[in-house]
Every structure is written in C-alpha cells, then in structure tokens.
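Structural features, examined
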Amino acid sequence: MKIFLDTADVSTILTHFETGLIDGVTTNPTLIMKSGRDPEDVYQELAEAGVRDISMEVVGSRDEMTSEGRRLATKFQEVATIKVPCTPDGLYVCNQLAKDGTKVNVTLIFDAAQAILAAKAGATYVSPFVGRVDDNSFGGLCLVKDIANTYKMHSVETQILAASIRNVRDVGRAFEYGANVCTLPVKVFDKMYDHILTEKGLELFDKDYAAACKS
Ligand code: E4P
C-alpha cells in the first residue's frame, strides 16, 4: 500500500517526504509546466533528497520516447520510472524499456482493456485516472476494481497506481478495490490526517491531561 505525491513542486514534496509516509512521486508535463522548472532539475533534486521512485513522462514519437526513456533511466538508475501513454507507440516503448529492466508507468488508462495491453507490454505500473473517469460520468473506482480483479485472476505482476484522485474517500476506496499505489495531490494527502472526532477527542484529552496534572 504505497502513497505517491502527484506534483512537481520540489519544496512541498521534500516537506512531505520528511513524514516518512511518502513512497514516491509522479509527475507529468502539466505538473512540470506548473512548477516552472526544468524537469531534470526536479528529478535531480528529488533523487538527491532520497525519493526512490519518480515517474518521468516522455513525449514524442516512438523513437524519441525510447531514446529519452533510456537516457533518463541511465541517468537516474533505479529511481527512474519512465511514464508513457497508453497508445501503440507508448506500449511499444514500454516493451522495449521493460526488456532493458527499466520500470515503466503506463499512463492515461481509462479502460480495463488498456490495462491488459499495458501488462502484456511489461509495465511496472498502470495508471487508471479515477477522477477523469468520474468527470465523464463513468465510475473511476469501478475501473480500479475491474483491473484489480482481472490482474488477480491471471496473476499479473503489474501494479495498479490509482491516479487523478480528487478526495480522501477515493483513496480508501481505491486501496480497498485493489490499487497498490495511490498518487495524490498534496492537498488530498494532507486531508488524510483529518477527522473531526480526532480533533474533538484530542481537545478533550489535552484538557483532561492539564486537569490531571493540576490535581
Ligand atoms: C498521474 O500520474 C496523473 O499525472 C495525474 O494523477 C492526473 O491527475 P488530474 O486528472 O487531476 O490532472
């Protein structure tokens, strides 16, 4: 049951990494653009800080994705997970990189059929986009469940990395339905700590502790 952060904001990642609860980071071109940083500077700083699994998305043609994926895998070694789209080219690249022993995250998964192809291409992770499926009036968590059941039935080793998660309830459900990893925006991760009854219970315990110390 791993938790990744879905952001390219290095300082926020590093603060949260200190909790000891974060197992990795996923980035994508949109998140890199929002950070305003060079992607490799982001990966470098995260790797130096001890983040052991960083999804680095490659773009372009089959050859461009293959050579860029190989270059990043050589530079960042076991820390690198190369992220490719679930397209014929993306899955071809997945196959090539997997044969090299490189971890690959096949992204933009919206159907169990795509997850089947990604597993056959040797993906380490598949990323079903829970929130974006929900946005289109289908069930994002049902997709996670369908993939998990299929993988389990056929003893597939590819891990399900639930992505595009928008709320805490979906984190619990995604793990319950068989996700191996949830990648979360920082604000969703932060909210996982919260419960009104924890706050109220703590308030009471603090008050009673102070009273107990006085008496
Ligand atoms: C994960 O790898 C994706 O980059 C991400 O979860 C997409 O989330 P969004 O649908 O909120 O953009």
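As shown above, the structure is provided for reference.
Notes on the structure in this doc start here. Computed from a predicted model, the values in this text were never measured in an experiment.

The rules we used
- Residues numbered from 1 in each chain as written.
- Predicted model: local features only at pLDDT ≥ 70, side-chain atom pairs only at ≥ 80, totals over all residues.
- Heavy atoms only, no water.
- Axes fitted to C-alpha atoms, helices over the stretch in contact; angles between N-to-C directions.
- Helix = DSSP H or I, 4+ residues; strand = E, 2+ residues; numbered from the N terminus.
- Parallel < 35°, antiparallel > 145°, perpendicular 65-115°, else oblique.
- Left-handed = near helix turned anticlockwise from the far one by under 90°.
- Contact = heavy atoms within 4.5 Å.
- Nonpolar A, V, L, I, M, F, W, Y, C, P; charged D, E, K, R; others polar.
- Core = buried A, V, L, I, M, F, W, Y, C linked by side-chain atoms within 4.5 Å.
- Buried < 20%, exposed > 50% of the residue type's maximum accessible area, 1.4 Å probe, protein only.
- Patch = residues over 30% accessible without salt bridge, like charges linked within 9 Å, V, L, I, M, F, W, Y side chains within 5 Å.
- Areas by Shrake-Rupley, 256 points an atom, 1.4 Å probe, with all protein chains shown as cover.
- Salt bridge = Lys/Arg side-chain N within 4 Å of Asp/Glu carboxyl O.
- Lys, Arg positive; Asp, Glu negative; His and termini not counted.
- Charge placed at Lys NZ, Arg CZ, Asp CG, Glu CD.
- Expected span 1.5 Å × (residues − 1).
- Arc of directions from axis to C-beta.
- Disulfide = S-S within 2.5 Å.
- Near = heavy atom within 4 Å.
- Polar contact = N/O pair within 3.5 Å; in protein donor to acceptor, adjacent residues only side chain to side chain.

The geometry of a pair of packed helices is captured by two quantities: the angle between their axes and the separation between those axes. At a minimum axis distance of 11 Å, the contact between helix 3 (residues 39-48) and helix 4 (residues 62-76) shows a crossing angle of 30°. The orientation of helix 3 relative to helix 4 falls into the category roughly parallel. Viewed along their axes, helix 3 and helix 4 form a crossing whose handedness is right-handed. On helix 4, the residues touching E40, Y43, Q44 and A47 of helix 3 are E68, R71, L72, K75 and F76. Looking at the contact of helix 3 with helix 4, its residues break down into 4 nonpolar, 1 polar and 4 charged.

So, on to the environment of V126. Along the polypeptide, V126 turns up in strand 6 (residues 125-128). Placed 17 residues apart in sequence, V126 and I109 show a C-alpha to C-alpha distance of 7.0 Å.

Turning to the nonpolar core, a few remarks are in order. Of all hydrophobic cores here, the largest spans 59 residues; its most connected members are V106 and I147. Ranked by the residues each element gives to this core, the list is headed by helix 8 (residues 140-153), at 6 residues. With sequence-adjacent residues up to four places away left out, I147 is seen in contact with I109, A112, A115, V126, P128 and I160.

Let's shift gears to a negative patch on the surface. Taken together, the side chains of D190, D194, E199, E203 and D206 present a region of like negative charge at the surface. In terms of residue count, the dominant contributor to the negative patch is helix 11 (residues 196-214) (3 residues). Looking at where E203 falls in the secondary structure, it is placed in helix 11.

Taking 1.5 Å of rise per residue, 15 residues should cover 21 Å, and helix 4 covers 21 Å from first to last C-alpha, within 8% of that figure. Every buried residue of helix 4 is accounted for by M65, T66, G69, L72, A73 and F76. Taken end-on, helix 4 shows its buried residues confined to a sector of 140°, consistent with a single buried face. The exposed set on the far side of helix 4, more than 90 degrees from its buried face, consists of D63 and T74. Lining the buried residues of helix 4 we find helix 3, strand 3 (54-57), strand 4 (80-85) and helix 5 (88-100).

Applying the stated criterion across every chain yields a total of 11 salt bridges. Between K83 and E57 there is a salt bridge, with its nearest N and O atoms 3.7 Å apart. On the criterion of sequence distance, the pair formed by K83 in strand 4 and E57 in strand 3 is long-range, its members being 26 residues apart. Residue classification places K83 among the buried positions, given a relative accessible area of 4%. Across the pair R166 and D135 runs a salt bridge whose closest N-O atoms are separated by 3.0 Å. Of this pair, R166 sits in the loop between strand 7 (159-162) and helix 9 (168-176) while D135 is found in helix 7 (residues 130-135), placing the two residues 31 residues apart along the sequence. Through salt bridges with shared partners, a single network forms among E40, E68, R71 and K75.

The next subject is the state of the cysteines. Applying the stated rule across the entire model yields 0 disulfides. Free cysteine C86: the closest other cysteine sulfur is in C94, separated by 9.0 Å. Overall, the relative accessible area of 0% leaves C94 in the buried class.

With that out of the way, let us pick up the site of the ligand. Around the ligand, the neighbouring residues are D6, N28, K83, F129, R132, A163, S164 and R166. Taking D6, its side chain carries an N or O atom lying 2.6 Å from an oxygen atom of the ligand. The separation between an oxygen atom of the ligand and a polar main-chain atom of S164 is 2.7 Å. Taking 340 Å² as the accessible area of the ligand by itself, protein coverage stands at 83%.

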